[in-house]
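# Notes for the structure review
One-letter residues, chain by chain:
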Amino acid sequence: MSTIFSKIISGELPATIVYQDDLVTAFRDIHPVAPVHILIVPNAEIPTVNDLTEGDERAAGRMFLAARKIAEQEGIAESGYRLIVNCNRDGGQEVYHLHMHLVGGRRMGPIVARPSD
Ligand code: AMP
C-alpha cells in the first residue's frame, strides 16, 4: 500500500528533497521540531523496522550514510545531531513507511521523555 512518503519519493507530492539516490530519499519534515529536521526514507516501501529483511541491508546502511552526508551538508556534523527511528504504536510511529529522523541545530535534551503520569 502506497504511503505519503512513496508519493514524495515519486514526485507526486511536493517536499523539499535534500538528498536522493537509488536507495534512499531525504526531505525536510513538514512539522520540524528543531532547526534541522530531515526524514531519510528507503525508496522501497518498507513499513517498519519489524519488516526489514536481509535483502534490505544495503538500503538500511545507506540511510546512515545519507544521514552522515546530510549532517555535513546542513553544517551540524560537528555540533551534533540525533537520529531517531520510531516503530509501531509505542514507538510513536505515525507514517508506516520506514524513516529515520535527523534532528539538530539545537541541544536535544534527554533522549526519551518521561511519562507524564
Ligand atoms: P513518525 O511519528 O516517526 O512516524 O514521524 C512522521 C513524521 O512525518 C512527522 O514528523 C511528520 O511531521 C512528518 N510528515 C508527515 N507528512 C509529511 C509530509 N507530507 N512531508 C514531510 N514530512 C511529513
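Our structure is the block above this text.
It should be emphasised that the depicted structure is a prediction, and the values quoted were computed from it without experimental measurement.

## As for the overall build of the protein chain
Helix and strand counts for the protein chain stand at three helices and five strands. Going residue by residue from the N terminus, the α and β elements of the protein chain occur as α-β-β-β-α-β-α-β. The C-alpha atoms of the protein chain give a radius of gyration of 14 Å, which matches the 13 Å a tight globule of 117 residues would have. Projected onto its principal axes, the C-alpha positions of the protein chain cover 35 × 35 × 30 Å. Relative to its 117 residues, the protein chain shows a buried fraction of 38%. Considering only residue pairs separated by 6 or more positions, the protein chain has 58% of its internal contacts joining residues 24 or more positions apart. Here the protein chain has roughly 7,400 Å² of accessible surface; of this, 53% comes from carbon and sulfur atoms. Where the 11 positive side-chain charges of the protein chain centre and where its 15 negative ones centre are 7 Å apart.

## Remarks on the site of the ligand
Surrounding the ligand, one finds 16 residues, the nearest of these being D29, N86, E94, H99 and H101. The contact in question runs from a nitrogen atom of the ligand to an N or O atom on the backbone of I30, over 3.1 Å. Residue H99 places a side-chain N or O atom 2.7 Å away from an oxygen atom belonging to the ligand. Burial of the ligand by the surrounding chains reaches 86%, relative to a free accessible area of 510 Å². Here the shell around the ligand takes three residues from helix α1 (residues 4-10), the largest share from any one element. Counted by class, the shell around the ligand contains seven nonpolar, six polar and three charged residues.

## Here we look at the sheet that holds strand β2 (residues 24-28)
Taken in spatial order, the five strands line up as β1-β2-β3-β5-β4 in an open sheet, and their pairing is antiparallel. Looking at the sheet topology across the chains shown, the edges are occupied by β1 (17-20) and β4 (81-84). Here the strands of the sheet are splayed against their neighbours by 20° on average, with no regard to which way each runs. Across five bridges, β2 lies against strand β3 (residues 36-42) in antiparallel orientation. Of the residues in β3, the one forming a bridge with A26 is I40. Of the strands in this sheet, β1, β2, β3, β4 and β5 (100-104) are in contact with helix α2 (residues 57-74), which crosses β3 at around 155°.

## Here's the deal with the pairing of β2
When you tally the buried positions in β2, you get four out of five residues, the bulk of the element. Where β1 and β2 come together, three bridges link them in antiparallel fashion. The residue bridging Y19 from the neighbouring strand is A26, located in β2. Two successive antiparallel strands, β1 and β2, enclose a turn made up of three residues.

Scoring rules and cut-offs
- Residues numbered from 1 in each chain as written.
- Predicted model: local features only at pLDDT ≥ 70, side-chain atom pairs only at ≥ 80, totals over all residues.
- Heavy atoms only, no water.
- Helix = DSSP H or I, 4+ residues; strand = E, 2+ residues; numbered from the N terminus.
- Rg over C-alpha atoms; globule rule 2.2 N^0.38 Å.
- Buried < 20%, exposed > 50% of the residue type's maximum accessible area, 1.4 Å probe, protein only.
- Contact = heavy atoms within 4.5 Å.
- Areas by Shrake-Rupley, 256 points an atom, 1.4 Å probe, with all protein chains shown as cover.
- Lys, Arg positive; Asp, Glu negative; His and termini not counted.
- Charge placed at Lys NZ, Arg CZ, Asp CG, Glu CD.
- Near = heavy atom within 4 Å.
- Polar contact = N/O pair within 3.5 Å; in protein donor to acceptor, adjacent residues only side chain to side chain.
- Nonpolar A, V, L, I, M, F, W, Y, C, P; charged D, E, K, R; others polar.
- Pairing = 2+ DSSP bridges.
- Axes fitted to C-alpha atoms, helices over the stretch in contact; angles between N-to-C directions.

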